[in-house]
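Chains, contacts and geometry: an overview
What follows is each chain in one-letter form.
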Amino acid sequence: MTRYITKALADIRSNRFLNLITIVTISLSILVVSLFLLFFENANRLIEGWNQGGRAMIYLEPAFSQEMLPDLKARIQGLGEVEEMRFIPKSRALEKLKDEMGSHTGFFDTLQHNPLPHALEIRMKTRGDYAQVAAFAKKITALEMVESVEYGQGWLAKFLQIFTLFRITGYAMCGLFLLIALFITANTVRLAFYSRRLEIEIMRLVGATEGFIKTPFYVEGLLQGFFGGILGLLILMAAFLTISSGISGNLGAYVYLDIRFLSIKAMGLIILASTFLGWFGCYLSLRQMLQ
Amino acid sequence: MNNDETIHMNLYSSKNSIIRLFNVTKRYGAKLALNNVSVDIQPGEFIFISGPSGAGKSTLLRVLYLAEKVSEGQILINGMNLARISASKLPLLRRRFGMVFQDFKLIPGRTVFENVALVLEVAGEKPSYIRKKVMHVLRTTGMDKKANALPPTLSGGEQQRVAVARAVVGDPDIILADEPTGSLDHASAMLVLDFLMAYHKKGATILVASHNLHLLESMVRGRNIVLEQGELVKTSTML
């Protein structure tokens, strides 16, 4: 194997420009794919965070009294999908509101009665799937004594629609860029193969097996894919560090944004996929040419 | 020189033949490159394949190392039928041959050493053995001082000596040489033939296709197979 790797590295050195173009093309494709992955990973985390990890507030009708609580809890539990449930009496809700508003609470003293409703705070088992959460909220709303359910349906539905559209576009773009990278890799191998026609003919004449002839090309494809993947991730990391420090500096004081770079697992997968891409481009090219 | 001519007749018993051709025909479209050629070649023989240009000399060599498939007939190498050789076994067959070509067929981007070493690399030999063996063969052919040179920087004679070194480095049973002296001056041609003769004395079977029979006759004892328009028209022994 050392012999094949040495040979592949020598071939890369002798065709520096062509190999550099291939590695850069792969890295740009990987950059686009990684960018989408970075967006999806962070958007998923933000949605979960903004949705408070599947939390919803059930606001109860004014006629509700605490004697009805055990029965209502049992009916909600009976619907399934509830992981945790906590009753918030309207008196505690008002205290919490006063605490949150700090010094601007003077007008509360003028109130004749507590306008806030009793509420139940629940955490649902379903967190990611908006359609399931909405369906479950609809079932709860239909229950007696329940006035409304708040789970961020207004902004979340709109955001999820945009997110889904972006996800589909992302898949299409990733597919397109990967195809371009595949095409370029296959083409590089084809050019390298043609430039070594004589060498390959001589190898065959002296009894080289197809494996002996093809392996350096495969090693070359794997190396191109591997280095392309690393380069793509490095470019993305540099861009991420520059942009994320800007975002944190400008928006950090107003909004809590937990933006992180790709996980080690995701980076490993990207490099693996990029290495496979290099190999697959080589495989397609050689299969066509050696037929 | 005493030529003992026999027409369409084998001088040797076919029992221990290393190469046997049975009614071999090779067509390129309507053109017959080889027409019903039958030959038996014994181990250790020195065979000249002569004839005018286009007689089928190169084609005869090409069908032996399976660069071309025959249209009709059969070829046996050490009893192995070439028609039944699978693609995966073909490299093993070719490792039994050493080949020399008029245009040398050296890899221009690889050094003399690397060109010769390729034969042993494809056979999976260890690097230490390859180094030792290649340098020995290069010394024998007088090319050891140019081991690190690239072929395009060498003269035609030197390139052919490298090609001969590559042909013999794997200790093949059979050497096929297609016009090995065709593009060389007289002195270089004599030198190349000397190397082939020296290797022949070690027991190898050598087939040389050449239109320059006079040069060969002056140096080598062997059997001459004469082809004309793809047909074997006579065989003769050159003493």
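This report concerns the structure included in the present document. (Residues numbered from 1 in each chain as written. Chains lettered and ligands numbered in written order. Predicted model: local features only at pLDDT ≥ 70, side-chain atom pairs only at ≥ 80, totals over all residues. Heavy atoms only, no water.)

Brief notes about empty space enclosed by the protein
Where empty space is left can be seen by rolling a probe of water-molecule size over the atoms. Here is the rule: As defined here, a cavity is a set of points on a 1 Å grid over the protein atoms alone where a 1.4 Å probe fits but cannot get out. A pocket is an open set with protein on both sides within 12 Å along at least five of seven lines, and residues line them when an atom is within 4 Å of a point. Grid points are joined across faces, edges and corners, and a volume is the space filled by probe spheres set on the points. Note on conventions: DSSP H or I runs of at least 4 residues are helices, E runs of at least 2 residues are strands, and numbering of each starts at the N terminus. Think of it as three bins: nonpolar holds Ala, Val, Leu, Ile, Met, Phe, Trp, Tyr, Cys and Pro, charged holds Asp, Glu, Lys and Arg, and polar takes everything else, Gly as well.
Counted according to the given criterion, the structure contains four cavities of 30 Å³ or more. Each pocket or cavity is described by its volume, and for the largest cavity that value is around 140 Å³. For the largest cavity, the lining is made up of 14 residues, of which V206 of chain A together with F97, G98, M99 and V119 of chain B are closest to its centre. When residues of the lining of the largest cavity are assigned to their parent elements, the largest contribution, four residues, is made by strand β7 (residues 97-101) of chain B. Residue composition of the lining of the largest cavity, by class: nine nonpolar, two polar and three charged. The volume enclosed by the second largest cavity comes to roughly 50 Å³. Around the second largest cavity, the lining residues are K7, D11, R196, E199, I200, M203, I213, P216 and F217 of chain A. The set of elements that each furnish at least two residues to the lining of the second largest cavity consists of α1 (2-14), α7 (197-205) and α8 (210-251) of chain A.

Observations concerning the sheet that holds strand β3 (residues 31-41) of chain B
All names here are of chain B. Going by this rule: Two strands make a pair as long as DSSP finds a minimum of two bridges between them. Note on contacts: a residue pair qualifies if any of its non-hydrogen atoms lie within 4.5 Å across the two residues. Interaxial angle, 0 to 180 degrees, is taken between N-to-C directions of lines fitted to C-alpha atoms, where a helix line uses only the stretch in contact.
Ordered in space as β3-β2-β5-β6, the four strands form an open sheet in which the pairing is antiparallel. Each of the sheet's edge strands pairs with one partner strand only, and the pair in question is β3 and β6 (80-81). When strand β5 (residues 72-77) meets β6, the two strands line up antiparallel, connected through two bridges. Bridge pairing in β6 links I77 to M80. The strands touched by helix α1 (residues 57-64) within the sheet are β2 (19-28), β3 and β5, with β2 carrying the most contacts at an inclination of about 115°.

Here we look at the layout of surface pockets
In this structure, the largest pocket spans a volume of roughly 760 Å³. Lining the largest pocket are 27 residues, and of these K7, A10 and E199 of chain A together with R110 and E114 of chain B sit closest to its centre. Elements supplying a minimum of two residues to the lining of the largest pocket: α1, α7 and α8 of chain A together with α3 (112-122) and α4 (127-140) of chain B. For the lining of the largest pocket, the leading source of residues is α1 of chain A, giving seven residues. Within the lining of the largest pocket, the residues separate by chemical class into twelve nonpolar, five polar and ten charged.

Side note on the pattern of salt bridges
Pairing of side chains with opposite charge becomes possible as their charged atoms draw close. Definition in use: Whenever Lys or Arg places a side-chain nitrogen within 4 Å of a carboxyl oxygen from Asp or Glu, that contact is recorded as a salt bridge. Exposure categories follow from relative accessible area, calculated using a 1.4 Å probe and restricted to protein chains: below 20% of the type maximum is buried, above 50% is exposed, and the middle band is partly exposed.
Scanning the model with the defined rule gives 17 salt bridges over all chains in all. Between E121 of chain A and R86 of chain A there is a salt bridge, with its nearest N and O atoms 2.5 Å apart. Here E121 of chain A is found in strand β3 (residues 119-124), whereas its partner R86 of chain A is found in strand β2 (residues 82-88), with 35 residues between them in sequence. Of the charged contacts in the structure, one is a salt bridge between K105 of chain B and E201 of chain A, with a shortest N-O distance of 3.4 Å. Taken together, the positions of K105 of chain B in the loop between β7 and α3 and E201 of chain A in helix α7 put the pair across two chains. Take E201 of chain A: its relative accessible area is 36%, and that puts it in the partly exposed class.

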